[in-house]
Amino acid sequence: MSCQPVELVVLVSGTGTLLQAILDNQPTSGDGGYRVTLVVADKECPALDRARRAGVEAAVVEMEADRGAWNARLAETVAAAHPDLVVSAGFMRILGPEFLERFQGRTINTHPSLLPAFPGADAVGDALAYGVKVTGCTVHYVDAGVDTGEIIAQRAIAVEDGDTKESLHERIKQAEREQIVALLGRAQLHQETGNGKVTF
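Residues numbered from 1 in each chain as written. Predicted model: local features only at pLDDT ≥ 70, side-chain atom pairs only at ≥ 80, totals over all residues. Heavy atoms only, no water.

Chemist: Which residues make up the sheet that holds strand β2 (residues 34-41), and what are the values?
Modeler: Spatial ordering of the open sheet is given by β3-β2-β1-β4-β5-β6-β7, a layout of seven strands whose pairing is mixed. In the strand order of this sheet, the two ends are held by β3 (57-60) and β7 (151-158), each with one partner. This sheet shows a mean twist of 20° between the axes of neighbouring strands, independent of strand direction. Relative to strand β5 (residues 107-111), strand β4 (residues 85-88) runs parallel, the two sharing three bridges. Residue pairing in the sheet places V86 in a bridge with T107 of β5. Relative to the sheet, helix α2 (residues 46-53) contacts β1 (6-12), β2 and β3, its axis offset from that of β3 by approximately 155°. (Pairing = 2+ DSSP bridges. Helix = DSSP H or I, 4+ residues; strand = E, 2+ residues; numbered from the N terminus. Axes fitted to C-alpha atoms, helices over the stretch in contact; angles between N-to-C directions. Contact = heavy atoms within 4.5 Å.)

Chemist: Quick one: what's the story with the side chain of H140, residue by residue and with numbers?
Modeler: By secondary structure assignment, the location of H140 is in strand β6 (residues 134-141). For H140, a relative accessible area of 2% gives the class buried. Not counting chain neighbours up to four residues away, the residues in contact with H140 comprise T107, I108, N109, H111, L115, D147, G149, E150, I151 and I152. (Buried < 20%, exposed > 50% of the residue type's maximum accessible area, 1.4 Å probe, protein only.)

Chemist: I'd like to hear about helix α6 (residues 165-185), residue by residue, with values.
Modeler: With 21 residues, α6 should reach 30 Å at 1.5 Å per residue; the first-to-last C-alpha distance of 30 Å fits that figure. Of the positions making up α6, those classed as buried are L168, I172, A175, E176, R177, Q179, I180, V181, L183 and L184. (Expected span 1.5 Å × (residues − 1).)

Structure, rendered in structure tokens:
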């Protein structure tokens, strides 16, 4: 087991509140913990400004018609940073085989439901429409499916009387921020196999 920090590349698409929580909770001294070395987006967005203000390198890999070529370019950009772990933090693109063949097993995602319930882009709206009394958030490994990868951690959130999609989503986002920071804070990099594996 190594005491080196786990080096992260974070993938983003939007405002970057989840990224901000990750940046704000990086250990500032001592061994272990994690360190964000690169933030990558599919377009210019406020999340990239957050990275730049924090002194973290930021890159844009704009979507193109050829999804395979885009995934390959994204993989090359991420690989150049030599990450131990890739974190999808509000990244609104599906990662294809050209990316996953290099980073599957080292890419994790946050999702605003208790998977396997309510996968996809409108998880909060779907949960409300179904009438569940409890939903939540999940961190899972990214695989070739849509929100189908192995579950790493979950937190439950009660649906309150009168909840709107916005009010419920806000509580879920707060739980997502707390969950990803706690998870990354206990990440450990193991070097026994020579290529490094992160466990939580």
